[in-house]
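Structural description and commentary
Each chain, written out:
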Amino acid sequence: MRKLFIIIALLSATVSIQAQRFEDYFENRTLRLDYTFAGDNSLHQIYVDELVSLPHWYGRRDRLAELPLKGNGQITMRSKADGMVIYRHSFSTLFQEWLATEEAKRVQKSFENVFLVPFPKDTVEIKVELFDYHDEVVNSLTHIVAPNDILIRKAGEHSITPYDVLHQAADTSRCIHIAFVAEGYTADEMEHYLEDCQKAIGSLFNHEPFKSMQDRFNIIAVKSVSEESGTSEPSKGIWKNTALGSHFDTFYSDRYLTTLHLKRLHDLLAGTPYEHIIILVNTGHYGGGGIYNSYNLCYTGGKHFLPVVVHEFGHSFGGLGDEYAYGNDDPIYFSDTEPWEPNLTTQATAYVKWEHLIQEGRAGLIEGGGYLEKGVWRGCENCRMRTNEEPEFCVVCQEALVRLIDFYTK
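Given the structure is predicted, the values throughout are model-derived calculations rather than measurements.

A look at the environment of Asn72
- With respect to the helices and strands, Asn72 occurs in the loop between strand E2 (43-54) and strand E3 (73-79).
- Classification of Asn72 as buried rests on a relative accessible area of 13%.
- Each C-alpha atom of the pair Asn72 and Tyr292 lies 8.9 Å from the other, and the pair is 220 residues apart in sequence.
- Here Asn72 is in contact with Phe91, Ser92, Gln96, Glu129, Leu130, Phe131, Tyr133 and Trp340, once residues within four sequence places are set aside.

Side note on the sheet that holds strand E13 (residues 288-291)
- Sheet architecture is open: six strands sit in the order E9-E11-E10-E12-E14-E13, paired in mixed fashion. Each edge of the open sheet carries a strand with a single partner, namely strand E9 (163-167) and E13. Here the average twist between neighbouring strands, direction ignored, is 20 degrees.
- The sheet contact formed by strand E12 (residues 276-281) and strand E14 (residues 295-299) spans four bridges and is parallel. Of the residues in E14, the one forming a bridge with Ile278 is Asn296.
- Strand contacts of helix H4 (residues 190-204): E9, strand E10 (176-183), strand E11 (217-222) and E12, with the helix running at about 140 degrees to E10, the strand carrying the most contacts.
- Of the strands in this sheet, E10, E12, E13 and E14 are in contact with helix H6 (residues 305-316), which crosses E14 at around 165 degrees.

Topic: helix H8 (residues 395-409)
- Spanning 15 residues, H8 covers 21 Å between terminal C-alpha atoms, matching the ideal 21 Å at 1.5 Å per step.
- In terms of residue burial, H8 counts as a mostly covered element, since eleven of its 15 residues are buried.
- Among the residues of H8, those classed as buried are Val395, Val396, Cys397, Ala400, Leu401, Leu404, Ile405, Asp406, Phe407, Tyr408 and Thr409.
- Lining the buried residues of H8 we find E10, E11, E12 and helix H7 (355-359).

Rules used throughout
Residues numbered from 1 in each chain as written. Predicted model: local features only at pLDDT ≥ 70, side-chain atom pairs only at ≥ 80, totals over all residues. Heavy atoms only, no water. Helix = DSSP H or I, 4+ residues; strand = E, 2+ residues; numbered from the N terminus. Buried < 20%, exposed > 50% of the residue type's maximum accessible area, 1.4 Å probe, protein only. Contact = heavy atoms within 4.5 Å. Pairing = 2+ DSSP bridges. Axes fitted to C-alpha atoms, helices over the stretch in contact; angles between N-to-C directions. Expected span 1.5 Å × (residues − 1).

Structural data, given as structure tokens:
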């Protein structure tokens, strides 16, 4: 009798899992979640800003309740009717990076954040969690979303920003959607922008595993026009009127090029087929930035444009960490916490996540990474995540990227 009960229970669980189809819980639309993250290094707050409905869903339709990587934050969506987790999403943010800076010890600031989830058919509970660099939850917010809420703004149905399809996936219903976005290109410079997009695609597909898996990517170029050419350089007193208001000197670092206007970014993308974002900035000043599941932003006017755009995509899409040592101030990696990034470890004396590659003689443990000279290890001497001169991702990063591409597309 006990065996029969166990068999019935297992069959019921299997049926339950199989029944969790995308169509059971979601419409073929996107719910855009706009939040404000605010505070300082000792106080963190999360506020709902706005909810937006977009006309199509371009994310995954399987493995909806799984996470490919942990990230520095997570979103969990539960069905209000049965309490089942129906979607999970992980991310990192500029706000969390800023919390590790000296400025965050004396100033309070707020940051825009935008996340895309499938549009629910029925009322759901959404929980947002932020983790510190010791993997502890520092704040969370839970709120209810009713899909018939009249204040969910509709976007992307009219006045869609013009875009060109540059690379079509073999199966556009099961692929990774990437949108290039023009920043600092005037109307007269759109052809130059499209040429830069083609160069970036060529560079991306020149790297494994993207080269052999390029049929799983669908890529468009969104032609967002700026009033002025270039980008802002605050340290030089230069401020430009551009589509996304991007600028260098983020966190007072002269090479850190970002935009803080995420709502403006996603408004420009509304109605286009996108999930992952690469912003090309029309400037010759070296710099860029990549934030996991947020965006990749890169300069285009210098000799390192192509390696940098791929490196930053390693951050924004792959969740890969920087493998170089930058300085030991304001550390974000600690010996008591294993990094969620798949190419870094602080546990050199324990089981390493790329142990099989070490045993095969294809990788090792090399100290230095995550901006620190000591206490963080990488798998190979050189990699695209370490230097612009290295032509490939190392074997550790390549394996991590393959797992991620499979997660989204298989």
